[in-house]
Amino acid sequence: MNTPKSIPSGTCRDTPVLKERGQREVFCGLTGIIWLHRKMQDAFFLVIGSRTCAHLLQSAAGVMIFAEPRFGTAILEETDLAGMADAHEELDREVERLLSRRPDIKQLFLVGSCPSEVIKLDLARAAERLTQVHAPHVRVLNYSGSGIETTFTQGEDACLTSMVPVLPTTDQKELMLVGALPDVVEDQAVSLLSQMGIGPIRVLPAPRTAETPGVGPNTVFACLQPFLGDTAAALTRRGAHHIQAPFPFGEEGTTLWLRAIADEFGVDDDTFDRVTAAPRARARKAIANASEHLNGKSVFFMPDSQLEIPLARFLTRECGMEAIEIGQPFIHKGLVGPDLDLMPAGPTISEGQDVDKQLDRVRAAQPDLTVCGLGLANPLEAEGLTTKWAIELVFTPVHFYEQAGDLAGLFSRPVRRRAVLKLEAA
Ligand code: SF4
């Protein structure tokens, strides 16, 4: 007897999550330094790590374009790792040397790595000690970017979380935008909100330590990135109110994100429409042009950047794609719940990774597009699958209306290229 195939009902929020805790293939949290050091202009990221960590940072950062770089690695040598030297004393000397040479540094992050974690170097204690020595000129904070503890976008979350306890207290009603975006994209967001009369608007992380936002019971905040769960929790603990909304990817996501903030600040419909009508129309047109090759195609997300759920919402609702599996390293429903609500149940929602099992599912599904990390993309391409490197989605400006067409284009390019190759081979 044939049993009828059950048709899933509800939304992806109701879908039971497939939790996987096997081997994973993602960068570590040190990678976040690449975009954070550009954003925070008087900060310095001192990685306490090995030569491997230094190589990762140098190759991820490419050619240094700054006369004075804003990150470096204090290399743990074998003597440190074997406990034969006092790593704390060496660290103090390293910091002393750095700060006396670089009076422009106002905020110093000691960033933990796998080696510093393995030898249990207490960076929280080091940060406290060094703050006492170098305050008020320099504030020293610490967080972990280790590959044992973090996937690559979690580095930003850990960094911002470390800043929350030292944010000044304020009673002002302020909007805080949380997350590091390229300046041009951040300016677009601030401009749209300001045109609606919303303000004052503050940003975490601020470009300079002196502009660090305050936080208190009248602070409302909206996250710009879906990987900032710990930062959101820390801000909530300081009394701030989190505005939940779908993330500002695509026309729909951007509109819903802006609308949620506008509602919080009592913006009327006419004002909202007046400010958003033109950029919305531009975004819709750009997406329609760029998504021609995506319509009707299937997509499989492997867990990597933490952007997977909001991007799946964008691709399925605005570009006509069908999601087979949406994998994310961690799922914070408090952050991505509104995006899950917008997708009808159907795709597998997975959290974490067991890479071999997941690759089997990819091969069985034969998706038109697989979004995955660098290490998996080449082997899958060799098997005839079309892939998109997830890391590009983090390094490319993709938020808000003016980037919506580029975002669709990032996914449509590999699909189009594969179609051209097939035609040429025929
Ligand atoms: Fe490698 Fe760990 Fe250093 Fe990251 S922190 S580069 S995973 S050793």
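Coordinates for the structure precede this section.
All values derive from a computational prediction rather than experimental measurement.

### A few points about the overall build of the chain
(1) Moving on: Scanning the chain from terminus to terminus reveals 17 helices and 14 strands.
(2) Moving on: Whereas a compact globule of 426 residues would reach a radius of gyration of roughly 22 Å, the chain reaches 22 Å, a difference of no more than 12%.
(3) Moving on: For the chain, the proportion of its 426 residues judged to be buried stands at 54%.
(4) Moving on: A separation threshold of at least 6 residues defines the contact pool for the chain, and within that pool the share at least 24 residues apart is 75%.
(5) Moving on: Counting only carbon and sulfur atoms, one obtains 53% of the accessible surface of the chain, whose full area is about 18,300 Å².
(6) Moving on: Charge-centre separation for the chain: the mean point of 42 positive side chains lies 2 Å from the mean point of 55 negative side chains.

### Some points on unusual backbone geometry
(1) Moving on: Between Ala135 and Pro136 the backbone carries a cis peptide bond, its omega angle lying at 0°.
(2) Moving on: By secondary structure assignment, the location of Pro136 is in the loop between helix H6 (123–134) and strand E5 (139–144).
(3) Moving on: Backbone torsion omega between Gly199 and Pro200 reads -10°, so that peptide bond is classified as cis.
(4) Moving on: Within the secondary structure, Pro200 is located in the loop between helix H8 (183–195) and strand E7 (201–204).
(5) Moving on: If you check the backbone angles, Gln306 has positive phi at about 75° while not being a glycine.
(6) Moving on: Residue placement: Gln306 occurs in the loop between strand E10 (298–301) and helix H12 (308–318).
(7) Moving on: We classify Gln306 as buried; its relative accessible area is 2%.
(8) Moving on: For Gln366, which is not glycine, the phi torsion reads 45° and is therefore positive.
(9) Moving on: Looking at the secondary structure, you find Gln366 in the loop between helix H14 (355–365) and strand E13 (369–372).

### Remarks on the environment of Asp230
(1) Moving on: The residue Asp230 is located in helix H9 (residues 229–237) in this model.
(2) Moving on: Each C-alpha atom, one on Asp230 and one on Thr161, is 6.2 Å from the other, the two residues being 69 residues apart in sequence.
(3) Moving on: The residues contacting Asp230, other than those within four sequence positions of it, are Asp157, Thr161 and His332.

### Details of the nonpolar core
(1) Moving on: Ranked by size, the top nonpolar core spans 100 residues in total, and within it Phe45, Phe109 and Trp257 carry the most contacts.
(2) Moving on: Each residue touching Trp257, except ones within four places of it in the same chain, is listed here: Leu177, Leu193, Ala222, Cys223, Leu224, Ala245, Pro246, Phe247, Pro248 and Phe400.
(3) Moving on: Phe44, Leu76, Leu121 and Val138 belong to the second largest nonpolar core, which has 20 residues in total.

### Concerning the site of the ligand
(1) Moving on: Residues in contact with the ligand, as listed here, are Cys28, Leu30, Cys53, Ser113, Cys114, Ser146 and Gly147.
(2) Moving on: The class makeup of the residues in the shell around the ligand is 4 nonpolar, 3 polar and no charged.

### Observations concerning the sheet that holds strand E6 (residues 174–178)
(1) Moving on: Here 4 strands make up an open sheet; going across it, the order is E7-E6-E8-E9 and the pairing parallel. One side of each edge strand has no neighbouring strand; the edge strands of this open sheet are E7 and strand E9 (241–242).
(2) Moving on: The strands touched by H8 within the sheet are E6 and E7, with E7 carrying the most contacts at an inclination of about 155°.
(3) Moving on: Contacts between H9 and the sheet are confined to E6, E7 and strand E8 (219–223), with E8 contributing the most and set at about 175° to the helix.

### Focus on the pairing of strand E12 (residues 348–353)
(1) Moving on: Most of E12 sits inside the fold, with 5 of its 6 residues counted as buried.
(2) Moving on: Relative to E12, strand E1 (residues 18–21) runs parallel, the two being bridged by 4 bridges. Within the sheet, the bridge partner assigned to Arg21 lies in E12 and is Gln353.
(3) Moving on: Following the backbone out of strand E11 (residues 322–328), through helix H13 (residues 333–341) and into the adjacent parallel E12, one traces a crossover that is right-handed.

The rules behind these values
Residues numbered from 1 in each chain as written. Predicted model: local features only at pLDDT ≥ 70, side-chain atom pairs only at ≥ 80, totals over all residues. Heavy atoms only, no water. Helix = DSSP H or I, 4+ residues; strand = E, 2+ residues; numbered from the N terminus. Rg over C-alpha atoms; globule rule 2.2 N^0.38 Å. Buried < 20%, exposed > 50% of the residue type's maximum accessible area, 1.4 Å probe, protein only. Contact = heavy atoms within 4.5 Å. Areas by Shrake-Rupley, 256 points an atom, 1.4 Å probe, with all protein chains shown as cover. Lys, Arg positive; Asp, Glu negative; His and termini not counted. Charge placed at Lys NZ, Arg CZ, Asp CG, Glu CD. Core = buried A, V, L, I, M, F, W, Y, C linked by side-chain atoms within 4.5 Å. Near = heavy atom within 4 Å. Nonpolar A, V, L, I, M, F, W, Y, C, P; charged D, E, K, R; others polar. Pairing = 2+ DSSP bridges. Axes fitted to C-alpha atoms, helices over the stretch in contact; angles between N-to-C directions. Right-handed = clockwise from strand over helix to strand, strands pointing away.

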